[in-house]
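# Chains, contacts and geometry: an overview
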Amino acid sequence: MKSLKLLFCGGLVTLLGCAGSESAAKHSVNADELRARASHAYDEMEPAQSTASLQKNNAQEGASKAGAPVSVEPQVPLSDLLQEYACPNADDLRGMGVADDANAALVMAQKDIAAKIQSVMVAQTEQTRQSNVDAAGFETLTSSFESKTKVVTRLQNAQDAKVVASLNIGRKHGVVACMQRSDAARPFIKEASLLQDSVTLAIKTFEEQKHPIVKNNAFKKARELYVRLLAVEDVLHGLGVNSEKDIKPVFDAAQQKYNDFRSRYTFYYQEDNGADESREQRRAVFERISSMYPVRAAECSDGLLLKLNVSPVQCNEKSLGLSCTATLTLNGLSCDGESYFSVNGKVKGNGRYDKNEATERLNQNISNGDWFKDWTNELDKWRLE
């Protein structure tokens, strides 16, 4: 531009000189010719500037494609510059990160992609909550969702997030990374397959087991795994991937069988034939059991059979009076007679004057004594939560 200005100024001086000096008039320059030369010089400069700018843009683009950081002048915010870089495919998951170094910026971009996957999961979860999972399943779903969210934020296959731009302004580095949805779905497809197998195995255990606690726990495990599977399938559905194997009909059938099992399960109570003199003690034991547990005095069917045996009361003279003792035994069995457990208790009653007083104290201790704690510890294990 300075040369151009001098050229115009020189032309102006020459023109003025032509009016005041005859000698200068002999060397006058035609004004039209001067303008043409100046315009030609300007045109030659503009392509040169455009070429330099184009070369700079091409260099930046080439470096970005190669994943190498590109240093740019701090005229535009780094985040705005990163927004100009799009993913190769319109449906790719795009992440952007800005940090003090390139590696940290890449990690931030990966976390941004993980957040996209998480948002996909959030969008699908409410639909799963409306499925036929029972109340306990809802709680498991919530727990599973929270756990899965933590996994998603770590982005299991971070290596599949490809860098499409890496820029830096001063000490700040920015990275744009993209991940194809098929790559994002890969670890979830694997997890879904493993969960499907685990659910199938747990259901098989539930259906084959007769032991009520094992049977109950097997279905609870199947339900927990199934709800975790629903959470994973939510992510896959949001990523555009449908499960190849649908085990919902299998789980629904197992759920119905479990409901039937639970509706029939209870404690069934029987007494071994004992002497009439132990009738009061047996009644006191039954009242204590039935006050804390649902008990049916009926034929056993899909439940726990409780059989009570009360030994005849034994009374002995002591230094301070008479002491009467009863030995109590409770056996837990399957309805088919398979033994599960046996608990015992020895209860005493003391009387200063006669057997009736000692027996009355014995019956009171059966109804209120601490001996029953050991029995409740065992019976509580057979409640099906």
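Each value, and the rule that gives it
- Residues numbered from 1 in each chain as written.
- Predicted model: local features only at pLDDT ≥ 70, side-chain atom pairs only at ≥ 80, totals over all residues.
- Heavy atoms only, no water.
- 1 Å grid on protein atoms, 1.4 Å probe; cavity = no way out; pocket = protein on both sides within 12 Å on 5 of 7 lines; lining within 4 Å.
- Points joined across faces, edges and corners; volume = space filled by probe spheres on them.
- Helix = DSSP H or I, 4+ residues; strand = E, 2+ residues; numbered from the N terminus.
- Nonpolar A, V, L, I, M, F, W, Y, C, P; charged D, E, K, R; others polar.
- Buried < 20%, exposed > 50% of the residue type's maximum accessible area, 1.4 Å probe, protein only.
- Expected span 1.5 Å × (residues − 1).
- Contact = heavy atoms within 4.5 Å.
- Polar contact = N/O pair within 3.5 Å; in protein donor to acceptor, adjacent residues only side chain to side chain.
- Axes fitted to C-alpha atoms, helices over the stretch in contact; angles between N-to-C directions.
- Left-handed = near helix turned anticlockwise from the far one by under 90°.
- Disulfide = S-S within 2.5 Å.
- Core = buried A, V, L, I, M, F, W, Y, C linked by side-chain atoms within 4.5 Å.
- Pairing = 2+ DSSP bridges.

A few words on the layout of surface pockets. Considering only enclosed or pocket space, the second largest pocket measures out at about 330 Å³ in volume. Around the second largest pocket, the lining comprises 18 residues; the ones closest to its centre are Gln209, Lys210, Lys215, Phe261 and Asp302. Only α7 (181-208), α8 (212-238) and α9 (248-264) provide two or more residues apiece to the lining of the second largest pocket. A breakdown of the residues in the lining of the second largest pocket according to their chemical character gives six nonpolar, three polar and nine charged.

A few words now on unusual backbone geometry. Here Asp302, not a glycine, exhibits a phi torsion of approximately 50°, which is positive. As for its position among the elements, Asp302 is in the loop between β6 (295-296) and β7 (304-310). A relative accessible area of 34% means that Asp302 is categorised as partly exposed.

Our next topic: helix α11 (residues 355-368). Across its 14 residues, α11 extends 20 Å between first and last C-alpha, which sits within 8% of the 20 Å expected from 1.5 Å per residue. Of the positions making up α11, those classed as buried are Glu357, Ala358, Thr359, Leu362, Asn363 and Ile366. Buried positions along α11 lie against α10 (279-290), β9 (321-333) and β10 (339-351). If you check the start of α11, you find a side-chain oxygen 3.3 Å away from the backbone N of Asn356, and it comes from Asp354.

In the contact formed by α8 and α9, the axes pass within 11 Å of each other and the chain directions differ by 145°. Handedness of the α8/α9 crossing: left-handed. Of the residues in α9, those in contact with Pro212, Lys215, Asn216, Phe219, Ala222, Arg223 and Tyr226 of α8 are Lys248, Phe251, Ala254, Gln255, Tyr258, Phe261 and Arg262. Its residues placed into classes, the contact of α8 with α9 shows eight nonpolar, two polar and four charged.

Time to look at the state of the cysteines. Tallying each qualifying case throughout the model produces three disulfides. Each sulfur in the disulfide pair Cys300 and Cys335 lies 1.8 Å from the other. Taking the sign of the S-S torsion, about -60° here, the bridge from Cys300 to Cys335 comes out left-handed. Here the residue Cys300 occupies a position in the loop between β6 and β7, and Cys335 occupies one in the loop between β9 and β10, the gap between them amounting to 35 residues. Judged by its relative accessible area of 15%, Cys300 is buried.

Below, the discussion takes up the nonpolar core. Residues Ile289, Leu306, Leu328 and Trp375 are the most contacted members of the largest nonpolar core, which totals 70 residues. Element by element, the count of residues in this core is highest for α8, at eleven residues. Membership of the second largest hydrophobic core comes to ten residues, among which are Leu78, Leu82, Ile169 and Val176.

What follows deals with the environment of Phe219. Relative to the elements of secondary structure, Phe219 occurs in helix α8. For Phe219, a relative accessible area of 0% corresponds to the buried category. If sequence neighbours within four positions are ignored, Phe219 has contacts with Phe206, Phe251, Ala254, Gln255 and Tyr258.

It is worth spelling out the pairing of β10 at this point. Along any regular strand the residues' side chains alternate between the sheet's two faces. The pairing of β9 with β10 spans twelve bridges and is classified as antiparallel. By the bridge assignment for β10, Ser323 is matched with Asn350. The loop that links β9 with its antiparallel partner β10 comprises five residues; one of these, Gly337, has a positive phi angle of about 100°.

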